[in-house]
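# Survey of secondary and tertiary structure
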Amino acid sequence: MENHQPEIRSVHVTRYVTPLREGGSMPAIAEADDGFLYVLKFRGAGQGVKALTAELIGGEIARALGMKVPEIVFAQLDNAFGRTEPDEEIQDLLKASVGLNLAVHYLQGSITYDPAVTRIDPQLASRIVWLDCLLTNVDRTPRNTNMLMWHKELWLIDHGASLYFHHTWHNWKEHAVRPFVQVKDHVLLPQASALEEADALFRSILTEERIRGIVSLVPDEWFNDASQAATPAAGREVYTQFLLTRIASSAIFVNEAQHARKVLI
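First, a word on what this report is: a plain description of the structure on this page. Here the structure is a predicted model, which means the values were calculated and not measured.

### Points about the overall build of the protein chain
Looking only at helices and strands, the protein chain has eight helices and eight strands in total. The C-alpha radius of gyration of the protein chain comes to 18 Å, within 12% of the 18 Å expected for a compact globule of 265 residues. Projected onto the principal axes, the alpha-carbon positions of the protein chain cover approximately 55 × 45 × 30 Å. The buried share of the protein chain, reckoned over its 265 residues, is 51%.

### Some remarks on the packing of helix α3 (residues 122-135) against helix α8 (residues 250-264)
Following both chains from N to C, one finds α3 and α8 inclined at 125 degrees, their axes separated by 10 Å at the closest point. As judged from the angle between their axes, α3 and α8 are oblique. Between α3 and α8 lies a crossing whose hand is right-handed. Judged by residue contacts, V129, W130, C133 and L134 of α3 engage S250, F253, V254 and A257 from α8. For the contact of α3 with α8, a count of residues per class yields seven nonpolar, one polar and no charged.

### Remarks on the sheet that holds strand β6 (residues 111-112)
As a general point, the strands of a sheet are linked pairwise by backbone hydrogen bonds and lie either parallel or antiparallel. The strand order across the open sheet formed by three strands is β6-β7-β8, and the pairing between neighbours is antiparallel. Both outer strands of the open sheet, β6 and β8 (153-156), are each paired with one neighbouring strand and no more. Pairing of strand β7 (residues 147-150) with β8, which is carried by four bridges, proceeds in the antiparallel orientation. Directly across from M147, in β8, lies its bridge partner L156.

### Considering helix α5 (residues 195-205)
Along α5, the positions that sit buried rather than exposed are L195, A198, D199, F202 and I205. Each buried residue of α5 sits inside an arc of 135 degrees when the element is viewed along its axis, so together they form one side. Exposed residues on α5 whose side chains face more than 90 degrees from its buried face are E196 and A200. Where α5 is buried, its residues meet α1 (49-64), α3, α6 (208-215) and α8.

### As for the pattern of salt bridges
Tallied over the entire structure, the rule returns 14 salt bridges. The partner of D132 in a salt bridge is R140, and the shortest N-O contact between them spans 2.9 Å. Across the pair D185 and K184 runs a salt bridge, and its minimum N-O distance is 3.2 Å. Each of R9, D34 and E71 takes part in one network of salt bridges that share partners.

### Quick notes on α3
The end-to-end C-alpha distance of α3 is 20 Å, a good match for the 20 Å that 14 residues give at a rise of 1.5 Å each. Those residues of α3 that fall on the buried side of the exposure criterion are A125, S126, I128, V129, W130, L131, D132, C133, L134 and L135. Close packing links the buried residues of α3 with α1, β7, β8, α5, α7 (232-248) and α8. The backbone nitrogen of Q123 lies 2.8 Å from a side-chain oxygen of the residue at the head of α3, namely D121. Once α3 finishes, T136 follows within two positions and takes phi at roughly 50 degrees, a positive value.

### A word on the packing of aromatic side chains
Enumeration over the complete set of coordinates arrives at nine aromatic pairs. Considering the side-chain rings of W130 and F253, the 5.4 Å spacing of their centres and the 70 degrees angle between planes classify their relative orientation as edge-to-face. You can see W130 sitting in helix α3 and its partner F253 sitting in helix α8, a full 123 residues away along the chain. For the pair F165 and Y239, a centre-to-centre distance of 5.5 Å together with 70 degrees between the ring planes defines the contact as edge-to-face. Placement of the pair is F165 in the loop between β8 and α4 (172-176) and Y239 in helix α7, with a sequence separation of 74 residues. Judged by its relative accessible area of 1%, F165 falls in the buried class. A relative accessible area of 1% places Y239 in the buried class. Through pairs of rings, three or more aromatic residues link up here, namely F165, W169, F223, Y239 and F242.

Parameters at a glance
Residues numbered from 1 in each chain as written. Predicted model: local features only at pLDDT ≥ 70, side-chain atom pairs only at ≥ 80, totals over all residues. Heavy atoms only, no water. Helix = DSSP H or I, 4+ residues; strand = E, 2+ residues; numbered from the N terminus. Rg over C-alpha atoms; globule rule 2.2 N^0.38 Å. Buried < 20%, exposed > 50% of the residue type's maximum accessible area, 1.4 Å probe, protein only. Axes fitted to C-alpha atoms, helices over the stretch in contact; angles between N-to-C directions. Parallel < 35°, antiparallel > 145°, perpendicular 65-115°, else oblique. Left-handed = near helix turned anticlockwise from the far one by under 90°. Contact = heavy atoms within 4.5 Å. Nonpolar A, V, L, I, M, F, W, Y, C, P; charged D, E, K, R; others polar. Pairing = 2+ DSSP bridges. Arc of directions from axis to C-beta. Salt bridge = Lys/Arg side-chain N within 4 Å of Asp/Glu carboxyl O. Expected span 1.5 Å × (residues − 1). Polar contact = N/O pair within 3.5 Å; in protein donor to acceptor, adjacent residues only side chain to side chain. Phe/Tyr/Trp six-rings, centres within 6.5 Å; stacked < 30°, edge-to-face > 60°.

And the structure:
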């Protein structure tokens, strides 16, 4: 967990392989010009670039905290891509996603984490719960764990439902200090018995320098909604201040998680 500026590679998508229709935003497995397969997240789907921004920030914060996250890359989709796609819905999605998208390395052979089969160590469970409380990630439930087992290790995926304050944007200060009540549905909450230890460790790791470095990765062109901020720099500053405020106020969401856990067990 060295304190260095993260870097994101860029690839060009060369082949659309297959859709992943279980995802609400219709991600797809695609091949890029580096020869690797990726799970491609489209800017033209669902929540658009806001979901990509949450995926990028959430994934890189998880990585900075020492968790296993597939490599995240920027994925360029050209105008000609998808013209021969016979599925009209997919063709429309591809046309709407020309430009800079996001992709994560495809973990071939991985299986969905099943809490009935694999029990997670309390330290790791607590760290993941803390992370999701920070990010306000509503999408790590028994119904949809968004975790994979790959080579006998737990990998975190799909952070696009995080940072949901940015769907209203103007009242981010209120969101930053709210407890994360949805933690009661977190798949790992029963095992998360070391939340205070996770809190102390992660508050020391997530410095302002590290948070600014991660948020700076968000491309200018993803700040395309005039209702968000006057400039990309202003938009990045809102994300930065939201996260810094939430980290400084972490006792609020830690207490909420501990209370929810007591009720649950």
